[in-house]
Every structure is written in structure tokens, then in C-alpha cells.
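# Results of the structural survey
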Amino acid sequence: MSEPTAAILVGGRGTRLRAVLPDQQKVFAPVAGKPFLYRLLDQIATAGIQRVVLCAGYKSEQVEQIGASYRGLTIRYSIEREPLGTAGALKNAELETPVIAMNGDSFCDVDLRQLTEPNTIVVREIADTSASGRIEFDANHIITRFSEKGQAGPGWINAGIYLLNREFLDSIPAGRCSIEREVFPAWVGRLKAFPTRGRFLDIGTPESYATAQRFFQ
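Numbering of residues starts from 1 in every chain and runs along the sequence as written. Whole-chain, interface and lining totals are the exception, using all residues; otherwise, since this is a predicted model, local features are given only for residues with pLDDT of at least 70 and side-chain atom pairs are given and counted only at 80 or more. Only hydrogens and water are set aside; all other atoms, that is, all heavy atoms of the structure, feed into the side-chain values.

### Observations concerning the environment of Ile142
Where helices and strands are cited, they refer to DSSP runs of H or I of at least four residues and of E of at least two residues respectively, numbered from the N terminus. With respect to the helices and strands, Ile142 occurs in the loop between strand 10 (134-137) and strand 11 (143-147). Between the C-alpha atoms of Ile142 and Asp111, which are 31 residues apart in sequence, the distance is 20 Å. For Ile142, the residues in contact, after removing those within four places along its chain, are Glu136, Phe137, Gly189, Leu191 and Lys192. Whether two residues touch is decided by their heavy atoms; if any such pair falls within 4.5 Å, the residues are in contact.

What follows is the structure in C-alpha cells.
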């Protein structure tokens, strides 16, 4: 496999965090002395990846202040002029493949160098999937089902890191589109799960953001 490009989805409006971050793009939320986005960039740099695309929208001017480089990473920006959703943002970025796509508001402690099979989703087991939805896969790690939120009990969830190839990106329709709700379900049977026990964090709510301060200490 050729050298991957990393793409971080940082276009969300972060409405659930407005109470604690009223004027700030949520990916710049300070976490244990460092903006959260830099935690993701550090993970990418440690994996030896050299190219990063930041898919930005809301408060993109804050994101662009990072500049053109960080820790040896070459950074470019893909700015959406209107909300495009997680899949639409990847389509808009015109990415080189393979691409490791990452959600900008979650962190999973996994070695990105271990992702080698195209169209793979990193999954993490948690005690209760009712707030997250769940992913089911067979003994060969082929994903067989995506379940909506509301199913209680332990299970595997989407950890927000994907290795994607050109065929997958080309299948994304133009316009606003969700990778989780629209594209992934259409690829059931052709996607693989990469199970990990690595620590997982989502900073999307004030409650989960509060736990992030201890996560990186």
C-alpha cells in the first residue's frame, strides 16, 4: 500500500459544547494543556504519515491558523462553504488515496500503522452502546450490520478512524452526505472492522469533555 494521506473532519459546529466553548471551534478545546486537534496531529505524526488535510467549515479561520506544517507534517485545508456532512466533506477534499480519515472530536489510542486493509473501520468495545449505535461483524471481521442508537448493553462502536480507498470515496454522492448514516450502511459486507482495546474518548458533550482532562494526563 502506498503512503496514506490523513484527513481530519473538523467542520462540525459543536452545538452541544457551546455552554463550555461559546466562541471556539470544538477541535481547539484545551485538553490537559494542549488543544484537542493537536492530540490527533501528534498521533498522525507518530505514525510517520507526512500529509494531512484538515476538512474545515464552521470557524475555519481558527483551523487555518495552524499553518502549513506541524511536526514534519505537510498540512493543507479543504474548506466547505456550506455544511456537507462527514462524507461530503471527504468528497469535497479531493483526497489522494489511501486515506486515513479521522473524526475531529474523538480520539482512539491505536497505532495507525497497523491499518493496512482498505475500507477498514476501527471499532472499540464499550459497556453500553445505546448512545452510540453499534457495529456487528463476523469471525473474519467483515462488517455485517450497523445498528442505530438505542440498543443497550455491551458492543462494538465506530471509533472514528477509517482507512479508505479510491473506490469508496468515488461512491460518495455529491452534496451533503453522512458517512455513518448513508455511505457505510450501503457498504455492508465490503467493509472490515479493526477491533482495538485502545483507550477511546469523545469530547462531543460537556460531560465527555470534562473526562478528557484526565484522559491525557
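On we go.
### Overview of the pattern of salt bridges
Take a side-chain nitrogen of Lys or Arg and a carboxyl oxygen of Asp or Glu: if they are within 4 Å of each other, that pair is a salt bridge. Within the structure shown, the criterion is met by 10 salt bridges. A salt bridge links Asp105 to Lys26, with the nearest nitrogen and oxygen atoms 2.8 Å apart. Placement of Asp105 in the loop between strand 7 (99-103) and strand 8 (106-108) and of Lys26 in the loop between strand 1 (5-10) and strand 2 (30-31) is noted, with a sequence separation of 79 residues between them. Only protein chains enter the accessibility calculation, which uses a 1.4 Å probe; a residue is then buried when its area is under 20% of its type maximum, exposed when over 50%, and partly exposed in between. Assessed through its relative accessible area of 14%, Asp105 is described here as buried. Overall, Lys26 belongs to the buried group, its relative accessible area being 15%.

### What to know about the packing of aromatic side chains
Only Phe, Tyr and Trp rings are paired, with Trp represented by its six-membered ring, and only when their centres lie within 6.5 Å; those with planes under 30 degrees apart are stacked, over 60 edge-to-face, the remainder tilted. A complete count under the given rule lists 10 aromatic pairs for this structure. With 5.9 Å between their ring centres and 10° between their planes, Phe146 and Phe184 make a pair best called stacked. With Phe146 in strand 11 and Phe184 in helix 5 (residues 179-186), this pair connects stretches of sequence that are 38 residues apart. Relative accessible area serves as the criterion here: at 1%, Phe184 is assigned to the buried category. With a centroid separation of 4.9 Å and 75° between ring planes, the pair formed by Tyr162 and Phe184 is classed as edge-to-face. With Tyr162 in strand 12 (residues 155-164) and Phe184 in helix 5, this residue pair connects regions lying 22 residues apart in the sequence. The exposure class assigned to Tyr162 is buried, which follows from its relative accessible area of 0%. Taken together, Phe146, Tyr162, Phe168, Phe184 and Trp187 form an aromatic cluster joined through their ring pairs. Throughout this description, the term charge over a ring refers to an Arg CZ or Lys NZ atom that lies within 6 Å of the ring centre and within 35 degrees of the ring normal. Sitting over the ring of Trp187, Arg190 keeps its end group 3.9 Å from the ring centre. The ring of Phe215 has Arg199 lying over it, and the distance from NZ or CZ to the ring centre is 4.0 Å.

### Section: helix 6 (residues 206-215)
When we look at burial in helix 6, the residues that qualify are Ser208, Tyr209, Ala212 and Phe215. Within helix 6, the buried residues cover an arc of 100° as seen down the axis, which keeps them to one side. Those residues of helix 6 that are exposed and angled more than 90 degrees off the buried face are Glu207 and Arg214. Packing partners of the buried residues in helix 6 comprise strand 2, strand 8 and strand 14 (200-202). By arc we mean the arc of the directions from the helix axis to the C-beta atoms, nothing more.

### A word on unusual backbone geometry
With an omega of 0°, the peptide bond running from Thr97 to Pro98 counts as cis. Looking at the element boundaries, Pro98 is found in the loop between helix 3 (85-92) and strand 7. Within the chain, Asn119 stands out as a residue other than glycine whose phi angle is a positive 60°. The exposure class of Asn119 is buried, given its relative accessible area of 5%.

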